[in-house]
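# Chains, contacts and geometry: an overview
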Amino acid sequence: MHQSGMDLGDQERVTLALISDTHGTLERVLLPWLAEVDVIVHAGDLLDPGELRQLAPKSGHLVVVRGNNDTPGQWPEGTEALLDTLPEQAYLDLPGGRLVVEHGHRVNPARTRHERLRRRHPEARAIVYGHTHRRVIDTDETPWVLNPGAAGRQRAFGGIGFLRLTATVDEWQVEAVTLPKRGRDT
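Everything in this summary refers to the structure shown in the same document.

Conventions used here
Residues numbered from 1 in each chain as written. Predicted model: local features only at pLDDT ≥ 70, side-chain atom pairs only at ≥ 80, totals over all residues. Heavy atoms only, no water. Core = buried A, V, L, I, M, F, W, Y, C linked by side-chain atoms within 4.5 Å. Buried < 20%, exposed > 50% of the residue type's maximum accessible area, 1.4 Å probe, protein only. Helix = DSSP H or I, 4+ residues; strand = E, 2+ residues; numbered from the N terminus. Contact = heavy atoms within 4.5 Å. Salt bridge = Lys/Arg side-chain N within 4 Å of Asp/Glu carboxyl O.

So, about the nonpolar core. One finds L16, L92, L94 and L99 to be the most contacted residues of the largest nonpolar core, which totals 24 residues. Among the secondary structure elements, those contributing two or more residues to this core are β2 (13-19), β3 (39-42), β5 (89-94), β6 (97-102), β7 (126-128), β9 (144-148), β10 (161-168) and β11 (172-178). If sequence neighbours within four positions are ignored, L16 has contacts with V37, V39, V41, L92, L94, L99, L163, R164 and L165. Counting residues in each nonpolar core, the second largest holds 19 residues, with L34, L86, I160 and F162 among its members.

Next up, the structure:
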């Protein structure tokens, strides 16, 4: 399984935007919010690598994993080389612990997904996954299991948005940011 990592553990404080499932329809109204964070983490189903050029976190760091719809047939022609660079899993060493990212489509059945993710990544302080388009903040036990929901227009159950994670050595905080509903496509 292809995996990549990033070490930001020596920072005093790191703020991340956790997004997923843009499916080539990233909501532009999110861009100013996303520009305020240090790192953007995309938990898969990007579908259009052009969206990456729009994402401009303060540090310039983007972490993207491959989702089940990130396939040559669904990406624009000529982008296969970039698609092949996306790992199935990524990890970030942050102040106070490790964040693990995967799309989640290989962790089944859905009713035991959180339990299975926790068993798969016991070293993590938090695990981020996408795939379901449903926002989840499961902090009842460690590692936390977080799903940012959809940051694109397709099947944004609960509204288009993302999770903002702030990590310090002593404390991690997560909050949901949801845009107001507008039109039929949300």
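Across all of its chains, the model carries 8 salt bridges by this definition. R119 is the partner of E115 in a salt bridge, and the nearest nitrogen-oxygen pair spans 2.7 Å. In this pair, E115 and R119 both sit in helix α3 (residues 113-120), 4 residues apart, roughly one turn of the helix. What makes R119 exposed here is its relative accessible area of 53%.

Bringing the environment of T71 into the picture now. Relative to the elements of secondary structure, T71 occurs in the loop between β4 (61-64) and α2 (80-83). You can call T71 partly exposed: its relative accessible area is 25%. Distance in space between the C-alpha atoms of T71 and R118 is 27 Å, their sequence separation being 47 residues. Once you skip the residues sitting within four places of it in the chain, T71 turns out to touch R66 and L83.

In terms of backbone geometry, most residues other than glycine have negative phi values and most peptide bonds are trans. Note that the residue after N108, namely P109, is joined by a cis bond; omega there is 0 degrees. Summarising the element assignment, P109 is placed in the loop between β6 and α3. The omega torsion across T142 and P143 is 0 degrees, close enough to zero to call that bond cis. Note on placement: P143 falls in the loop between β8 (135-138) and β9. Here the phi dihedral of D45 falls at roughly 65 degrees; this positive angle occurs in a residue that is not glycine. Assignment of secondary structure puts D45 in the loop between β3 and β4. Residue classification places D45 among the buried positions, given a relative accessible area of 1%. One non-glycine residue, H133, adopts positive backbone phi at about 65 degrees. With respect to the helices and strands, H133 occurs in the loop between β7 and β8. Overall, H133 belongs to the buried group, its relative accessible area being 0%.

Geometric descriptors of this kind do not, in isolation, establish any biological role.
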